[in-house]
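Coordinates in review
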Amino acid sequence: MSLDVQPQVSLKAFNSFGIDVRAQLFAEAHSDADVREALAYAAAQQLPLLVIGGGSNLLLTQDIAALVLRMATRGIRVLHDDGQQVLVEAEAGEAWHPFVLWTLEQGFSGLENLSLIPGTVGAAPMQNIGAYGVEIKDVFAGLTALDRQTGELRDFSLQECNFAYRDSLFKHEVGRWLILRVRFALNRVAHLKLGYGPVQQRLAEQGITQATPSDVSRAICSIRSEKLPDPAVLGNAGSFFKNPLVSQVLAAQLQLQYPDLVAYPQADGQVKLAAGWLIDKAGWKGFRDGDAGVHRLQALVLVNYGAATGLEISSLAQRIQRDIAERFQVDLEMEPNRY
Ligand code: FAD
Ligand code: NAP
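- Naming follows an unreviewed UniProt entry, where the protein chain appears as UDP-N-acetylenolpyruvoylglucosamine reductase of Pseudomonas brenneri.
- In its Subcellular location (unreviewed entry) section, the UniProt entry covering the protein chain states "Cytoplasm".
- Comment text from UniProt for the protein chain, heading Catalytic activity (unreviewed entry), reads "UDP-N-acetyl-alpha-D-muramate + NADP(+) = UDP-N-acetyl-3-O-(1-carboxyvinyl)-alpha-D-glucosamine + NADPH + H(+)".

**Notes on the site of ligand 2**
- Taken together, the neighbourhood of ligand 2 is formed by 17 residues, with Arg 166, Tyr 196, Lys 227, Lys 272 and Gln 298 sitting nearest.
- At 3.1 Å, a backbone N or O of Tyr 132 approaches an oxygen atom of ligand 2.
- The side chain of Lys 227 places a nitrogen or oxygen atom 2.7 Å from an oxygen atom of ligand 2.
- When ligand 2 is considered free in solution it has 790 Å² of accessible area, and contact with the protein chains removes 79% of it.
- Those elements that provide at least two residues to the shell around ligand 2 are β8 (130-131), α5 (213-227) and β13 (235-239).
- Viewed by domain, the shell around ligand 2 spans two of them, domain 2 (76-187) and domain 3 (235-338), each represented by three or more residues.

**Notes on the domain arrangement of the protein chain**
- Under the domain assignment used here, the protein chain contains domain 1 (6-71), domain 2 (76-187) and domain 3 (235-338).
- Just the C-alpha atoms count here: the centres of domain 1 and domain 2 sit 22 Å apart.
- Each partner contributes residues to the interface: domain 1 has 11 residues there, and domain 2 has 15 residues.
- Viewed at the interface, domain 2 and domain 1 are joined by 1 salt bridge.

Reading the values: rules and limits
- Residues numbered from 1 in each chain as written.
- Chains lettered and ligands numbered in written order.
- Predicted model: local features only at pLDDT ≥ 70, side-chain atom pairs only at ≥ 80, totals over all residues.
- Heavy atoms only, no water.
- UniProt positions renumbered as here; feature names shortened; annotations may be inferred.
- Near = heavy atom within 4 Å.
- Polar contact = N/O pair within 3.5 Å; in protein donor to acceptor, adjacent residues only side chain to side chain.
- Areas by Shrake-Rupley, 256 points an atom, 1.4 Å probe, with all protein chains shown as cover.
- Helix = DSSP H or I, 4+ residues; strand = E, 2+ residues; numbered from the N terminus.
- Domains from an automatic or database assignment.
- Contact = heavy atoms within 4.5 Å.
- Salt bridge = Lys/Arg side-chain N within 4 Å of Asp/Glu carboxyl O.

If you want it as structure tokens, here you go:
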């Protein structure tokens, strides 16, 4: 057996909130064979298996009575290159941001707007990660997953993943699909998306008129570093709530009451509200209760000042949800995966 299974392992270092709970069993997978061995081991112990990547989208509220399997598989390969379009495949355990940088170094564009997102390649399809107007569905070319129910491998096409705003099939069929590797259709000729928020402005400030994909990546890294707390310094899981989609009627009512409401009409007729704006407007920005708090610069980010438990973070989140529902008649949905 090559899998190194350890009992009673603290997960503090394995979740970006830095919450100190224990895994009953813990192992790292370095190959497909390790993954299969871990599934067999967990079954023999009559324990569930919880797969994690970088732990940057988790809220751990209790000790985990499972075999926690951290994906540590490595490998990036170019499957096809016609001089314009490139098909790249990466193993699930590859760290996301270094992978993005690798694609840019090769001269491949498409992932630049998704720079500096923590976590792994394998988790990226879970919530169809997105930032600055790009989601992975925009460059997605397929993935291979292990069906934990049958032990068979299955390739998924773009259509089969049911990607939507911070959502996918994999979020709904929890515990069934273990993503092993993901493929991306990238481009040697850049089609940059600069129309989002402060990206264009940041490039202009830097005196860049003809931006390259790497320029865009650097600009986004600099914006993100200013706004978002570094989990290595202050525990957090990024945006704690999804931006709510509401009806045009409710958005119009709110706009009358709050002329500075941040709202983005969607193609399907709904309106996306900036959850961070709602939470800020309600006065939560910078709020702290014990070691659980709302970040002082970005109200959408809940933080752990050191020794907060997952339940304390969760209780703060629920207080915010109730308040936002009362003030604005808007339901906020949690983004991180809660265990
Ligand atoms: P984990 O947190 O380890 O796991 C997340 C979920 O995926 C869990 O349910 C887990 O069981 C499952 N999972 C993990 N790996 C696999 C696998 N191989 N197969 C099947 N299931 C798996 N997200 C965005 O979309 N956009 C952002 O801009 C963004 N910015 C962030 C900034 C900060 C500072 C932080 C802390 C987080 C941010 N996030 C953002 C959230 C997070 O980084 C992403 O959701 C990321 O994809 C999570 O990857 P992970 O490897 O850490 O997943
Ligand atoms: P921001 O630029 O301050 O904008 C606030 C919100 O308004 C964003 O959440 C964004 O929604 C929306 N928005 C802004 N410009 C938009 C446009 N032109 N069209 C449509 N919607 C627009 O946001 P931020 O907090 O600094 O984050 C910047 C980007 O990184 C966002 O895309 C955000 O989603 C992403 N991010 C995600 C996480 C996470 O954990 N999920 C953490 C940090 C940052 P969208 O979120 O739908 O883009």
